[in-house]
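# Survey of secondary and tertiary structure
Given next are the chains, with one letter for each unit.
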Amino acid sequence: MSLPIQPWSSVTATTGTWLATTPSLGASTAPVSTYQKAREALGLRLRELRREARLTGAQLAAAHGWHRTKIPKIEAGRQTPSIADLEAWAASCGVPELAPELVAALHSLEGHYVEYRRMFRGGMTRQQRTFAEYEAEASFVRNFETCFVPGLLQTAEYARYRLAEAITYDGAADDLAAAVAARMGRQQVLYTPGRRFHFVITESVLHLRLCPPEVLAAQLEKLAVASTMRTVRFGVIPFEAVYPAAPVHGFHIFDDRHVAAETITASLAVTQPAEVGTYLRTFARLAEVAVYGRQAREVVERALDELMPAE
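Residues numbered from 1 in each chain as written. Predicted model: local features only at pLDDT ≥ 70, side-chain atom pairs only at ≥ 80, totals over all residues. Heavy atoms only, no water.

Another aspect to go through is the packing of aromatic side chains. Enumeration according to the criterion identifies six aromatic pairs in this entry. Geometrically, the ring pair formed by W66 and W89 is tilted, given 6.3 Å between the ring centres and 35 degrees between the ring planes. Residue W66 is located in the loop between α3 (57–64) and α4 (70–75), and its partner W89 is located in helix α5 (residues 83–92); the two are separated by 23 residues in the primary sequence. Taking relative accessible area as the criterion, W89 reaches 0% and is therefore assigned buried. On the numbers, 5.0 Å between centres and 65 degrees between planes, the contact of F251 with Y279 is edge-to-face. Placement of F251 in strand β5 (residues 251–254) and of Y279 in helix α12 (residues 273–288) is noted, with a sequence separation of 28 residues between them. For the residue pair F251 and Y279, the accessibility class agrees, reading buried in each case. Through successive ring pairs, a cluster of aromatic residues spans F144, F251, Y279 and F283. Over the aromatic face of F140 sits the side chain of R196, whose NZ or CZ is 3.9 Å from the ring centroid. Directly above the ring of Y292 sits R233, whose terminal nitrogen or CZ lies 3.9 Å from the centroid. (Phe/Tyr/Trp six-rings, centres within 6.5 Å; stacked < 30°, edge-to-face > 60°. Helix = DSSP H or I, 4+ residues; strand = E, 2+ residues; numbered from the N terminus. Buried < 20%, exposed > 50% of the residue type's maximum accessible area, 1.4 Å probe, protein only. Lys NZ or Arg CZ within 6 Å of the ring centre and 35° of its normal.)

Next up, the structure:
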């Protein structure tokens, strides 16, 4: 699936320091935790405003006809407030001028976490084109994958099976042909002068039957060719390697400023410098145990031989 990413300007435009100091991810932390930490930070800020205004949660809820559990849920980060909630909260606390700041924080929070069903409602092609913009803007793209062949290295048929899953299971609009064409169009960036790409995959990517054997065989052959490209550094972590960090999920790093990762139900944009730094360090550690060049091709060819043994 493609990864939806909010524009850098909107995702990083967090007002105030209380949200910017969200704790960073550990190497084994699920990506959704960044979203949750940001929601908790927003809840803490709202609790501070309420207490400074000397309001109890019951008083604030009664003033707006809210259920009595709404205030503690929002303040504990268990419920996301709406724009109207934030505006009402700021007004009741006597600081209506802070409403824009709170709303901006909410927009930044929403930029971190985007549900796939909402993302794909308008079809997959637009998301492919949006992702292409970020690849085009970055001079150095790092990509680690545990299950899938990186999108920039996929064959059209492999991409067709990957994108078709979004239609079947995630309810995406059926614009499959256009989405595949858009994904293939993204690959032109690999030939752009001055760009660098570093891909690291686990060996399991070469064996997972996410498509028919003949489609996977063609995909493996393309990976062998990709390993010889001047702009591409292609690494495979073989089964026998000792991992320095758990391969919890795949992710993209655009330059040193933006990470895109996905869970089963949503995608995440990470822009806080401390968190991006954690991803950079994790990628570097994983890349150290990967094999490259001839050794990487040998791993790919071994998988190809197992998939399509000679008669």
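What follows covers unusual backbone geometry. Positive phi values are uncommon outside glycine, yet R54 reaches one of about 60 degrees. For R54, the position within the fold is in the loop between α2 (32–52) and α3. For R54, a relative accessible area of 75% translates into the label exposed. In the Ramachandran plot, D255 falls in the positive-phi region, its phi being about 50 degrees despite a non-glycine side chain. If you trace the backbone, D255 turns up in the loop between β5 and β6 (258–262).

Time to look at the packing of helix α8 (residues 125–137) against helix α10 (residues 176–186). Packing of α8 against α10 leaves a shortest axis separation of 8 Å and a crossing angle of 10 degrees. Classified by the angle between their axes, α8 and α10 sit roughly parallel to one another. Within the contact between the two elements, α8 uses T125, Q128, F131, A132 and E135 and α10 uses A178, A179, A182, R183 and R186. (Axes fitted to C-alpha atoms, helices over the stretch in contact; angles between N-to-C directions. Parallel < 35°, antiparallel > 145°, perpendicular 65-115°, else oblique. Contact = heavy atoms within 4.5 Å.)

Here we come to the nonpolar core. Counting 36 residues, the largest nonpolar core has L206, L220 and F234 as its most contacted members. Broken down by secondary-structure element, the contributors of at least two residues to this core are α8, β3 (196–202), α11 (213–226), β4 (232–237) and α13 (293–307). Broken down by element, this core gets its largest block of residues, seven residues, from α11. Residues within four places of L220 in sequence aside, it is in contact with L206, V300, A303, L304 and L307. If you look at the next biggest cluster of nonpolar residues, it comprises 20 residues, including L60, W66, I71 and W89. (Core = buried A, V, L, I, M, F, W, Y, C linked by side-chain atoms within 4.5 Å.)

The next point concerns the pattern of salt bridges. Throughout the structure, instances matching the rule amount to nine salt bridges. Salt-bridge contacts for D256 lead to R142; the nearest nitrogen and oxygen are separated by 3.2 Å. Placement of the pair is D256 in the loop between β5 and β6 and R142 in strand β2 (residues 140–145), with a sequence separation of 114 residues. The salt bridge involving R302 is made with E203; its shortest N-O contact spans 3.3 Å. Pair noted here: R302 is in helix α13 and E203 is in the loop between β3 and α11, with a separation of 99 residues, a long-range link. Residue classification places E203 among the buried positions, given a relative accessible area of 3%. (Salt bridge = Lys/Arg side-chain N within 4 Å of Asp/Glu carboxyl O.)

In this section: the pairing of β5. The alternating pattern of β5 places F251 and I253 on one face and H252 and F254 on the opposite face, and all of these are buried. Of the strand pairs in this sheet, β2 and β5 are connected by four bridges, and their pairing is antiparallel. Bridging from a neighbouring strand, R142 pairs with I253 of β5. Sheet analysis places β5 next to β6, joined by four bridges and oriented antiparallel. The residue of β6 that forms the bridge with F254 is H258. Counting the residues that bridge the hairpin from β5 to β6 gives three residues, and of these D255 lies at a positive phi of roughly 50 degrees. (Pairing = 2+ DSSP bridges.)

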